[in-house]
Amino acid sequence: MTSRDHTRRAIWSRTIPAAIALGSLVASTMTGPAPLAAAATSGTSPANPVVTWDLNAQTAIWDVAAQQPNEQVRSFAMVSGAVYDALNAIAGTPYQPYLAAPPSSGTESADAAVAAAAHDVLAALFPGQQERLRAQYDAALAAIPDGRSKQGGKTIGARAAAAMVAARQDDGAFGDQQWRNGTRPGQWRPTPPLFLSQGAWTGHMRPFLIPRASMFRTPEPPRLTGNTYTRDLNEVKEVGSATSTVRTRDQTEAAIWWHDRRSASWEIKRQLATTQQLDALQTARFFAMTDLIVADSGVACFSQKDFWSYWRPVTAIQRADTDGNPRTTADPGWQSLLVTPPFPEYPSGHACGTGARMSLYQHFFGRDDIAFSGSSVDSGTTRQFTSFSQALDELIGARVWGGVHFRAADVEGAKLGEEVYRYAVRHYFRPLR
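Fair warning: this is a prediction, and the values are worked out from it, not measured in the lab.

### Brief notes about the overall build of the chain
At step 1: Counting secondary structure elements, the chain contains 14 helices and four strands.
At step 2: The buried share of the chain, taken over its 433 residues, is 59%.

Listed below in structure tokens is the structure:
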């Protein structure tokens, strides 16, 4: 791995009391047509090609490329969208395609189609990984009997991937936009320890599903002299400090777990596909809906971050003597448990994405009370959840416990993510028969 990759991994790492650790980073229903023909692999086993290639995508996106959360979501969305369009075409287009349904006789190999679609998108995104990706692709194809079905699957997958790559050309990703750096109370400025400013392009990227990034608006952040701001600042000051004596061990673990940039959400997504016994097409639709909706929640959220340009808790607490609020007290030496991300605070990006994700999961499976778990390298723990709403509630608290968000930013972020989800399921991925 290059030194640049190591530096990028260090940017948003977590902190522990009295030390800064700059190492490995964090932070409709499923009812549909019958499973794909014999060419498809059942979704209940590790051989599900959609699950396999999602894991391959994770390796490329995070383990090798070290993309950060605002970058990761675009890459996963491109892979999952192409895989979905390929399998949906082979199944006879029972659902709305995302972009288009490549011509299909219905006899093509789903395994070959998934491999071609995922490989070609990843190779386009990460040209420096082409040799490694080609080896994965060749290994996947070697397990498929030669013949017209295999070749047909490769062709459909390649066409779906080419359509996705073409659709995302010049979409604004990795642009040169910069955050506004203010000096007045309430205005964002770079935060310790690295004082970086990154990711401003995200709110200007062309969305996948919603018509424009600014379609959904959050209310104005709480007034600096109001009761909500007073409550939120004093809460995060007490419980989110690196040296907090009131934060519980479980809250500390949750804060670090949710901040892990090797996101547990990827594991959870694959776990749900397996435990809920989704076949290959159902898995592809589930992953595409998840990843495209979460990507757009990020675009919408960063658009609002850009609009409000609101200061982070570490700035607000250290400079509380400037906020005009007699009920807040400055602590110039205050530091958060976690390293604060390098962009404005309001609304919470993690809450936007998790709000969208958990809302979609409830919709897709038609219920909230499905148990799942996820592991974190940073915390060294696995957390268990009994419902999607429980996970969202914990995330809202965890960003406060980590000292990187006010509670209002988490609550409003989750609402924004839910709005994006609602628009997306009304307009995309709907059954056609």
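Additional details are given in the paragraphs that follow.
### Considerations on the nonpolar core
At step 1: If you look at the biggest cluster of nonpolar residues, it comprises 117 residues, and the most contacted ones within it are L87, F208, L272, F286, I293 and L360.
At step 2: Residue contributions to this core peak at 13 residues, all from helix α10 (residues 280–308).
At step 3: With residues up to four places along the chain from it excluded, the contact list for F208 reads R74, A77, M78, Y98, M164, R168, L292, A295, D296 and Y428.
At step 4: Formed by five residues, the second largest nonpolar core is a distinct cluster that contains W188, A200, F302 and F343.

### Here's the deal with the pattern of salt bridges
At step 1: What the rule picks out here adds up to 15 salt bridges.
At step 2: The shortest N-O distance in the salt bridge between R74 and D171 comes to 2.9 Å. One end of the pair, R74, is in helix α3 (residues 69–90); the other, D171, is in the loop between α6 (148–167) and α7 (227–239), and 97 residues separate them in sequence. Across the pair, exposure class does not vary: R74 and D171 are buried alike.
At step 3: Residue R422 pairs with E418 through a salt bridge whose shortest N-O separation is 2.6 Å. In this pair, R422 and E418 both sit in helix α14 (residues 407–427), four residues apart, roughly one turn of the helix.
At step 4: Among the residues examined, R422 registers a relative accessible area of 41% and is labelled partly exposed.
At step 5: Looking at E418, the relative accessible area reads 29%, which means it is partly exposed.
At step 6: Members of the salt-bridge network, linked through shared partners, are D54, K269, R270 and D291.

### Observations concerning helix α8 (residues 249–259)
At step 1: When we look at burial in α8, the residues that qualify are Q251, A254, A255, I256, W257, W258 and H259.
At step 2: Tucked inside the fold, the buried residues of α8 contact α7, α9 (264–275), α12 (349–365), β3 (372–376), β4 (381–385) and α13 (388–401).

### Concerning the confidence of the model for the chain
At step 1: Residues of the chain with pLDDT of at least 70 account for 89%, and the chain-wide mean is 91.
At step 2: For the stretch residues 1–45, pLDDT sits under 50, and the model shows 138 contacts to residues farther than four places along the chain or on other chains.

### Concerning the environment of E235
At step 1: Residue placement: E235 occurs in helix α7.
At step 2: In this structure the C-alpha to C-alpha distance between E235 and R407, which are 172 residues apart in sequence, comes to 8.4 Å.
At step 3: Excluding anything up to four places from it in sequence, E235 contacts G240, V400 and R407.
At step 4: Within the structure, E235 has its side chain in polar contact with the side chain of R407 (distance 2.8 Å).

### Here's the deal with the packing of helix α2 (residues 49–64) against α9
Angle between the axes and distance between the axes: these two values describe a pair of packed helices.
At step 1: It is the contact of α2 with α9, at a shortest axis distance of 11 Å, that shows an interaxial angle of 175°. On the basis of the axis angle, α2 is roughly antiparallel to α9. Residues V51, D54, L55, Q58 and W62 of α2 pack against W266, K269, R270 and A273 of α9.
At step 2: Classifying every residue of the contact of α2 with α9 gives five nonpolar, one polar and three charged.

### With respect to the packing of aromatic side chains
At step 1: If you walk through the whole model with that rule in mind, you get 26 aromatic pairs.
At step 2: Between the aromatic rings of W179 and F302, the centroid separation amounts to 6.0 Å while the plane-to-plane angle is 40°, which identifies the pairing as tilted. Within this pair, whereas W179 is found in the loop between α6 and α7, its partner F302 is found in helix α10, the two being separated by 123 residues in sequence.
At step 3: What makes W179 buried here is its relative accessible area of 7%.

### With respect to unusual backbone geometry
At step 1: With an omega of 5°, the peptide bond running from P192 to P193 counts as cis.
At step 2: Turning to its location among the elements, P193 is positioned in the loop between α6 and α7.
At step 3: Here Y346 and P347 are connected by a cis peptide whose omega angle stands at -5°.
At step 4: Unusually for a residue other than glycine, F195 sits at a positive phi of about 50°.
At step 5: Exposure remark for F195: the relative accessible area of 53% places this residue in the exposed category.
At step 6: Phi angles above zero are rare outside glycine, and F429 is one such case at about 65°.

Cut-off values and rules
Residues numbered from 1 in each chain as written. Predicted model: local features only at pLDDT ≥ 70, side-chain atom pairs only at ≥ 80, totals over all residues. Heavy atoms only, no water. Helix = DSSP H or I, 4+ residues; strand = E, 2+ residues; numbered from the N terminus. Buried < 20%, exposed > 50% of the residue type's maximum accessible area, 1.4 Å probe, protein only. Core = buried A, V, L, I, M, F, W, Y, C linked by side-chain atoms within 4.5 Å. Contact = heavy atoms within 4.5 Å. Salt bridge = Lys/Arg side-chain N within 4 Å of Asp/Glu carboxyl O. pLDDT = per-residue confidence, 0-100. Polar contact = N/O pair within 3.5 Å; in protein donor to acceptor, adjacent residues only side chain to side chain. Axes fitted to C-alpha atoms, helices over the stretch in contact; angles between N-to-C directions. Parallel < 35°, antiparallel > 145°, perpendicular 65-115°, else oblique. Nonpolar A, V, L, I, M, F, W, Y, C, P; charged D, E, K, R; others polar. Phe/Tyr/Trp six-rings, centres within 6.5 Å; stacked < 30°, edge-to-face > 60°.

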